[in-house]
Amino acid sequence: MIVTAGPTSTTDQPLRAATRAVYAAFIGAGVAMASWATRIPGIRDELRLGPSELGLVLVAIAAGSIISLVLSGQITARLGSRSTVAAMAVLLTISLIIVAGGYHLGVPPVVLGLFGFGFANGAWDVAMNVQGAMVERRLGRAIMPRFHAGYSVGTVIGALLGTAMVALKVPVTIHLSAVAVLVGAITFVMVRAFLPDTDTDAGAEVPAGGNGGKTRFLQFWTEPRTLLIGVFVLAFAFTEGAGIDWIAVAFIDGYDAPAVVGTLAFTVFLTAMTVGRWFGPGLLDRFGRVPVLRTLAVIALAGLLLFIFGPNTPTAFAGALLWGTGASLGFPVGMSAASDEPAKAAGRVSVVASVGYCAFLGGPPLIGLLGDRISVLRALIAIGVLLTVAFFLAGVLRPPAAESKED
C-alpha cells in the first residue's frame, strides 16, 4: 500500500501502522452504522411506528451527532485523535447495546441509545478524519477517499451481515449487541497506532485547549469558503444519509417487497458507494474535484429518479446502484477540501462536519413527514433539490493553491 525503500523502511513502519489503523476506524464506524440500519424496519414494526414517528426517533442519532460535532474540535484538541476515537468506541458499544436490548421496552430506551450512538459517531468521525488527513499529507498522495471507501466497505459488511441476520431470523438484540462489542473492542485496540496529532512535515499542530484554542475554533465559523463547503457536504450527506436510513423502508413499502429484498437494495446502494470511493482518487487526480463532483451529482440525481419512478424492482435496483455511485465522493472530498491547510484542518473539519451533519438532523423527520402524506418512496424527491444545490456549489472545493488546474 505504501512504497518504502532501503534504510527508510523502518521509519515508515509507524506511518504504515497508522494507515491501517485509520482504515480500521473507518471500517468499524461503517459496520456499526449499517448494522443498525438493517434492523430499522424490524424495530419500526416492533414499536409500531409510522413514517413520521420513525423519522422523529431517527433524529436522536442526528441530535447526538450535532452536539458532538460542535464540541469535537475541542475534544480532539484536548484528547488527541487517538484517545478521542478510543473513548467514542467505548461509548458506541454501550449505546448500541442499549438500543439492542431497550427496543423491547419502548421508544425511550431506543432514543437514549441512539443519542449516545450519534454522539460517539460524531466525535469519532472528526477525529478519524483529522488523523486521516495527517496520514494523507505524510504519504504525499490522495488517500482520503479510500479511507472513506473503508467506511463504505464497513457498511457493505454490516449490510450483508444484517441481511443474513434478517433472513435467518436472528433476534435484533443478539445481532446488534455482538456487533457493538466486536467493533468497539477492535477499534479500541487498533487506534493505538494513530500518529501523534502533530504534523511536523507541514509545520502544523492540532490547536491546544484553553481560551486561545476556543477562540481559534470559533473563527472558523466566519470563513465563507468553509461554510460553503459545509453546505456542499450537507447536500451529499443528505443524499447518503437518506439512502442509509430510508432505502430499505422505501423499497419494502413502495414496491411491496419482502424485508430481505429491501435490505438487499440497501446493500447494492452501499456497494456502489464503496466502488466509487475506491476508484475515485484516480478520477480526482485526472480531472479535478469540481468536474468529478458535478458529474456525480448528476448521476446521483438520475439514480434517485429511477429508484422513485421506476416501473418495477429491477429498475429500482438500477436506481439504487446509480444513486450510491453518485453519492460516493461528496463527503470525503468535502473533508479533504476542509483540510487543504494543515494548520487549520481540525477546526475546519469540525465546522464542515457540523454543518454537514445537519442533514442527519433534519433529514429523517423531513422524509418521515413527507412520507405520511405522499409515501416514503415519493418523499425521497426532496434529495433532488439538495443535489442541485451541490452541483452549483462544487466550485468551492477547488484547492486554494490549484484553482487554475480546475478552471
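Check the entry above for the structure.
Residues numbered from 1 in each chain as written. Predicted model: local features only at pLDDT ≥ 70, side-chain atom pairs only at ≥ 80, totals over all residues. Heavy atoms only, no water.

Before going further, it helps to spend a moment on helix 10 (residues 289–309). In this model helix 10 runs 30 Å from its N-terminal to its C-terminal C-alpha over 21 residues, within 8% of the 30 Å that 1.5 Å per residue would give. The elements touched by buried residues of helix 10 are helix 8 (224–254), helix 9 (259–287), helix 11 (313–327), helix 12 (330–338), helix 14 (376–379) and helix 15 (382–393). (Helix = DSSP H or I, 4+ residues; strand = E, 2+ residues; numbered from the N terminus. Expected span 1.5 Å × (residues − 1). Contact = heavy atoms within 4.5 Å.)

Turning to helix 9, a few remarks are in order. If you check helix 9, its first and last C-alpha atoms are 40 Å apart, about what 29 residues at 1.5 Å a residue would give, namely 42 Å. Gly-288 sits one or two positions beyond helix 9 and adopts a positive phi of about 95°.

In this section: the environment of Met-144. Turning to its location among the elements, Met-144 is positioned in helix 5 (residues 144–167). What makes Met-144 buried here is its relative accessible area of 0%. Along the backbone, Met-144 and Asn-129 are 15 residues apart, and their C-alpha atoms lie at a distance of 8.2 Å. Discounting chain neighbours no more than four positions away, the residues touching Met-144 are Asn-129, Gly-132, Ala-133, Glu-136, Pro-332 and Ser-336. (Buried < 20%, exposed > 50% of the residue type's maximum accessible area, 1.4 Å probe, protein only.)

A separate point is the layout of surface pockets. Think of a ball as big as a water molecule: rolled over the atoms, this probe shows where empty space is left. Its volume calculated, the second largest pocket comes out at about 230 Å³. Every residue lining the second largest pocket is listed: Ala-24, Ile-27, Gly-28, Val-31, Ile-157, Leu-161, Ala-178, Val-179, Leu-182, Val-183, Ile-186 and Thr-187. Broken down by secondary-structure element, the contributors of at least two residues to the lining of the second largest pocket are helix 1 (9–38), helix 5 and helix 6 (172–190). Looking at the lining of the second largest pocket element by element, the count peaks at six residues for helix 6. (1 Å grid on protein atoms, 1.4 Å probe; cavity = no way out; pocket = protein on both sides within 12 Å on 5 of 7 lines; lining within 4 Å. Points joined across faces, edges and corners; volume = space filled by probe spheres on them.)

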